Structure formats: C-alpha cells, structure tokens
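The chain contents come next:
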Amino acid sequence: MPKKDVLSDQLFNLKFTAKQLGKQATKCAKAETAEKLKVKKAIEQYGANSPQAQAYAEKAICQKNQHINLLKLSTKIEIVVARLEVAASMNQISGSIGGVVKGLDVALKSMDVGKISTIMDQFSAQMTDVELSTNEMQRGMDDVGLVSTSHVDELIQSVADEHDIEVGHSLPGFQAQAVGGAQASAMG
C-alpha cells in the first residue's frame, strides 16, 4: 500500500475517532442534564442534604467532567488531523519541486535555452505555490488549537450577556476591563 494511502487512511480514522468522541461527549451532556433533573427531584422530595440528592449531584458532576474531557480529546485529535493534512500538502509540494529540480539538471546538461526557460518558469510557479502554502500553513497553525485566554473569557462573557447571567467578577480579565472602563469614563 502506498505511503499516501496509509496517511489518508490514518487521517480518516482520526477524523472518525474525533466524531465518535464528540458523540460520546453529547451523550454525557444529556446524561448530566438527566442527573441534574434527578437532583432537583431529590431536593424537592428529600431535601438538599439528602444522600439521594448528593449521589445524583456527584453523578452529574462526573458526567460533566467526562463531557469536558471527551470534548478536549476530540479537539486535540482534530488539531492533529489539521496539522497532518498541512504536512501532507507540504510534502506533495516538496515532491513536485524535486521533479522540477531534476528537470532543470537535465536541461542544464543539454544547455537547451528553451528547456531551461520553461523549467525556470515551472520552478517559479512551484515556489509561488510553496510560499502560498507556507503562509496558509502558518495561519492554520496560528488559528488551530491556540486559543488565548482572553478570547475564551470574551466568549464566556458574551454568552453570559446573551442569557442575562452575571459572571463578570469570576472572569480573570473582568477587573482589567472594568478598571479600564472606569478610567475611560473618569477621563472623558
């Protein structure tokens, strides 16, 4: 089996595994919701300090943790897949450049100006492709898997605002935003 087929099979298997982990994470989220409903019913029936409510709460917490861990693992696998796809693309490009270099070597030995010019044009086109792919790969590497804490905090705050939930004091960046906003209003 050629090397390319093995890589594509591995990429497919990794993508499939990531999908399966996502589905398992969804099941855990549903189980967490079900356990929370059981907690609510146990509180109503037996009280907040009852062993039943505590047991259901522990199960809900375990399901939530499992959900988060499965999502993280799924995301890590998706990041690996993206990086492998970029590496495979770069490998293809380097192979085609190798072909151009071999062609140039043959053309230089024959000293045929027409062939040399044609191969140099091919080489120039290949180098442009490499530059574009390198830039695309760099953007992909910057974007995939490297999420800053401030972006996460902003998203959490945005979701909280959409649902009228107060979380500002629990976010690390909130004080800096609040202080900056107070300074701006004091200066204005």
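As a convention, each chain's residues are numbered from 1 in the sequence order in which they are written. Selection of residues for local features in this predicted model requires a pLDDT of at least 70, selection of side-chain atom pairs for listing and counting requires 80 or more, and totals for whole chains, interfaces and linings are taken over all residues. The side-chain figures draw on all heavy atoms in the structure; neither hydrogens nor water molecules are used.

> Can you walk me through the packing of aromatic side chains in this structure?
Aromatic ring pairs are reported here in terms of the distance separating the ring centres and the angle at which the planes meet. Centre distance within 6.5 Å is the pairing criterion for rings of Phe, Tyr and Trp, where only the six-membered ring of Trp is used; planes under 30 degrees apart are then read as stacked, over 60 as edge-to-face, and the remainder as tilted. Enumeration according to the criterion identifies 1 aromatic pair in this entry. Aromatic side chains F12 and F16 sit 6.4 Å apart centroid to centroid with 20 degrees between the ring planes, which places their arrangement in the stacked category. One end of the pair, F12, and the other, F16, are both in helix α1 (residues 3–46), 4 residues apart, so they sit about a helical turn from each other. Of the residues examined, F12 reaches a relative accessible area of 54% and is grouped as exposed. Under the scheme applied here, a residue whose accessible area is under 20% of the maximum for its type counts as buried, over 50% as exposed, and between as partly exposed, the area being computed with a 1.4 Å probe on protein chains only. When its relative accessible area of 47% is taken as the criterion, F16 is described as partly exposed. Secondary structure is summarised from DSSP: a helix means a run of H or I of at least four residues, a strand means a run of E of at least two, and numbering begins at the N terminus for each.

> So what exactly am I meant to see when it comes to a positive patch on the surface here?
Patch membership needs two things, relative accessible area over 30% and no salt bridge, and members are linked within 9 Å if like-charged or within 5 Å if nonpolar (Val, Leu, Ile, Met, Phe, Trp, Tyr). In this description, accessible areas are obtained by the Shrake-Rupley approach with a 1.4 Å probe, and a residue is regarded as covered only by the protein chains that are shown. Any Lys or Arg side-chain nitrogen found within 4 Å of a carboxyl oxygen on Asp or Glu counts as a salt bridge. Note that His is not counted, nor are the chain ends; the positive residues are Lys and Arg, and the negative ones are Asp and Glu. One atom stands in for each charge, and that atom is NZ of Lys, CZ of Arg, CG of Asp or CD of Glu. A surface patch of like charges, here positive, comprises K19, K23, K27 and K30. On the secondary structure map, K30 appears in helix α1. Among the residues examined, K30 registers a relative accessible area of 59% and is labelled exposed.

> Any chance you could explain the pattern of salt bridges here in plain terms?
It is possible for side chains bearing opposite charge to pair when their charged atoms get close. Applying the stated rule across the entire model yields 4 salt bridges. Taking the shortest distance from any N to any O, the salt bridge between E85 and K15 comes out at 2.8 Å. Remark: K15 occurs in helix α1 and E85 occurs in helix α2 (residues 51–110); sequence separation between them is 70 residues. Residue E85 is classed as partly exposed on the basis of its relative accessible area, which comes to 34%. Residues E35 and K38 are paired through a salt bridge, measuring 3.6 Å at the closest nitrogen-oxygen approach. Of the two residues, E35 and K38 both sit in helix α1, 3 residues apart, roughly one turn of that helix. Overall, E35 belongs to the buried group, its relative accessible area being 10%.

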